[in-house]
Amino acid sequence: MDGRPTLRRRKLGRLKRRPEFLAVAGAKRKWAAPGFILQARRHDDRFHPAPGESELRLGLTATKKIGGAVVRNRARRRLRAAAAAVLPGHAAPGHDLVLIARSGTLTRGYADLLADLATGLRRLGLWQDGADPP
RNA sequence: CCAGACGGUCGGAUGACCGCUCUUCGGUCCCUGAGGCCGGAGGGAGGAAAGUCCGGGCUCCACGGAAACACGGUGCCGGCUAACCGCCGGCGGGGGCGACCCCAGGGAAAGUGCCACAGAAAGCAAACCGCCGGCCGGUCCCGGGUAUUCCCUCCGGGCCGAACGGCAAGGGUGAAAGGGUGCGGUAAGAGCGCACCGCGUCGCCGGCAACGGCGAUGGCAGGGUAAACCCCACCGGGAGCAAGACCGAAUAGGGGUGGCGGAGCCGGCGAACCCGAUCCAUCAGGGCGGGGGCGGCGGCGGGCGCGUUUCCGCGUUGCCGCCCGGGUUGGUCGCGAGAGGCGUUCGGUAACGGACGUCCCAGAGGAAUGGUCAUCCUUCGGGAUUGCCGACAGUCGGCAGUAUCGGAGACAGAACCCGGCUUACAGACCGUCUGGCCUC
RNA sequence: GAUCCCGUAGCUCAGCUGGUAGAGCACUUGACUUUUAAUCAAGUGGCCCUGGGUUCGAAUCCCAGCGGGAUCA
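Residues numbered from 1 in each chain as written. Chains lettered and ligands numbered in written order. Predicted model: local features only at pLDDT ≥ 70, side-chain atom pairs only at ≥ 80, totals over all residues. Heavy atoms only, no water.

1. Re the side chain of T105
Looking at where T105 falls in the secondary structure, it is placed in the loop between β5 (95-101) and α4 (110-123). Polar contacts involving the side chain of T105 include one to the main-chain carbonyl oxygen of G35, which spans 2.5 Å. When neighbours within four sequence positions are excluded, T105 is seen to be in contact with G35, A75, R78 and L79. (Helix = DSSP H or I, 4+ residues; strand = E, 2+ residues; numbered from the N terminus. Polar contact = N/O pair within 3.5 Å; in protein donor to acceptor, adjacent residues only side chain to side chain. Contact = heavy atoms within 4.5 Å.)

2. Comments concerning the packing of helix α3 (residues 69-90) against α4
Interhelical geometry of α3 versus α4 gives an angle of 55° and a closest axis separation of 10 Å. Between α3 and α4, the crossing angle belongs to the class labelled oblique. Seen from above, α3 lies across α4 with right-handed handedness. Of α4, the residues touching α3 (which contributes R78, A81, A82, A83, A85, V86 and L87) are Y110, L113, L114, L117 and L121. (Axes fitted to C-alpha atoms, helices over the stretch in contact; angles between N-to-C directions. Parallel < 35°, antiparallel > 145°, perpendicular 65-115°, else oblique. Left-handed = near helix turned anticlockwise from the far one by under 90°.)

3. Some points on the pairing of β5
Among the seven residues in β5, six count as buried, and that is most of the element. Here strand β3 (residues 36-42) pairs with β5 via seven bridges, running antiparallel. Counterpart to I37 in the pairing with β5 is I100. Sheet analysis places strand β4 (residues 56-61) next to β5, joined by six bridges and oriented parallel. (Buried < 20%, exposed > 50% of the residue type's maximum accessible area, 1.4 Å probe, protein only. Pairing = 2+ DSSP bridges.)

4. With respect to the packing of aromatic side chains
Using the criterion set out here, one finds zero aromatic pairs in the structure. Just above the ring of W127 sits the side chain of R122; from NZ or CZ to the centre is 4.2 Å. (Phe/Tyr/Trp six-rings, centres within 6.5 Å; stacked < 30°, edge-to-face > 60°. Lys NZ or Arg CZ within 6 Å of the ring centre and 35° of its normal.)

5. Examining α3
An α-helix turns once per 3.6 residues; consequently, residues spaced three or four apart project the same way. The end-to-end C-alpha distance of α3 is 31 Å, a good match for the 32 Å that 22 residues give at a rise of 1.5 Å each. Most pronounced at A83, the bend in α3 amounts to some 35°. A75, R78, L79, A82, A83, V86, L87, P88, G89 and H90 are the residues of α3 that are buried. For α3, the elements touching its buried residues are β3, β4, β5 and α4. (Expected span 1.5 Å × (residues − 1). Bend = angle between axes of the 7 residues up to and from the residue.)

This is a description of form; function is not addressed.
So, in structure tokens, the structure goes:
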């Protein structure tokens, strides 16, 4: 126990407000994969985590275009699981990330989804080596 | 065995690893709080959670009331239910060989409207073609009388025409034409008469009733449309958990400007300003009286709002345009023990109700209830080895089918809760019944 | 979550007291003009969102569904 369990587990923060999503989309840093679209934005004075919140925050978007509530929920869950597996060990802190689901989110294999996510982080210059979480 | 009708149940299973959220227990940290973290135990989507089409609970508003009107809804009868446009049973009509299914199914002699085109006529009884009758006329034809013959004239018949009268069978139009079919009847016809069917009225019987059965009688009167207005009976105050309450924050929810209108009456208070007398004072100024009337207060009245009207009650009261600024994004409650689920039993044809026992069964908030893998199950496609059949025999074709490979597993995600309706849905299973075929 | 509105020609809309659906723009053809534009004349174009019902007859009335849009703290 190091006394800072929050950082030890590197829990992901979440984006909740519409202006935060718009700010990330407005940063113009994005990369499209068959299963999702990845957007990223470095923190600044206008949008940054609250004190005590994680240094890495994630937002998920699934529009009505890809299907009904069942399809949107499944897509969001797969993206959340993939992000929980990859981001805490490899994504550079100090950023907000947004994953947008698309129609391929449900048909893409899970291993491919993880690989796509790593590739996306490298393309946007956010990759850092680190131990994979247990 | 095949085809079908109705009702009901389920709607992938198991395991491993990694996660989310709620409840609870224990530990730990401090910034002591409804806190963070760690660990244990337990719970965690549906029959439709959907569409938001009805009905309620709950909350706020109008809650002072009432009556009438208006508006909306429902509509065979009886029952069930907290209630309903729901459900159950029955009746009537329609469909099916049948099990069974479908139907907004009150009133058209309370009144109004509409029924295009066509047709003579669309609602009130009338008559276009037509059928019939006698009379009159035409003198076209035939027969007869008179006469030798013809003309003329007379009688009868046919034909044609006009008006009159009788009829509604037939033709034709239409979705629909004032009962239908048949026989008699007649100048021709007609409920004119008769039989059957339909319809109306009356009586009796059965039924709580809708309605049904039987008999008598009338002699056809009363076309359709009320998912046209309407009439009758019954029901309904409005809005909705983004309801609403608390906490936190804030001086407050406003401010500036332009235009229009000059914003009722009365009473009292009354700033700026003006006037007067001249009191105090060196001046500034203060005091007194009058005018003035910003802005408040009270009363009456008016306008507007509470669906309309009446009596009454409450609230509000310059209007409009443009510009600026603030707030609303926060937290907690509401928020799950309920018209609750399951089982047994009793009453009831049933919907449903009673009693007893037992259980506690989701509470998220960019929105949890999952992600990945493996095995099994179901199903689809390919398919060796193998079996059967046929041709033929070194082989080929068909059917069945194992190992095995690949794919798919529907419709769909709680958002305050409940009862229904409607819509979507791969497949599996159970029960009852109907029609047909085969065997005993 | 709740409330409300609308689906008609290629586009924008009428028609909604039931009786075979119209306007403007667009398109095609012709005239005028050296040609184009403009103008004039004529013409084409519709399962009236879908399904069922009432009615002799439905874009219109009733019921159910599908699609689109707006508003509410």
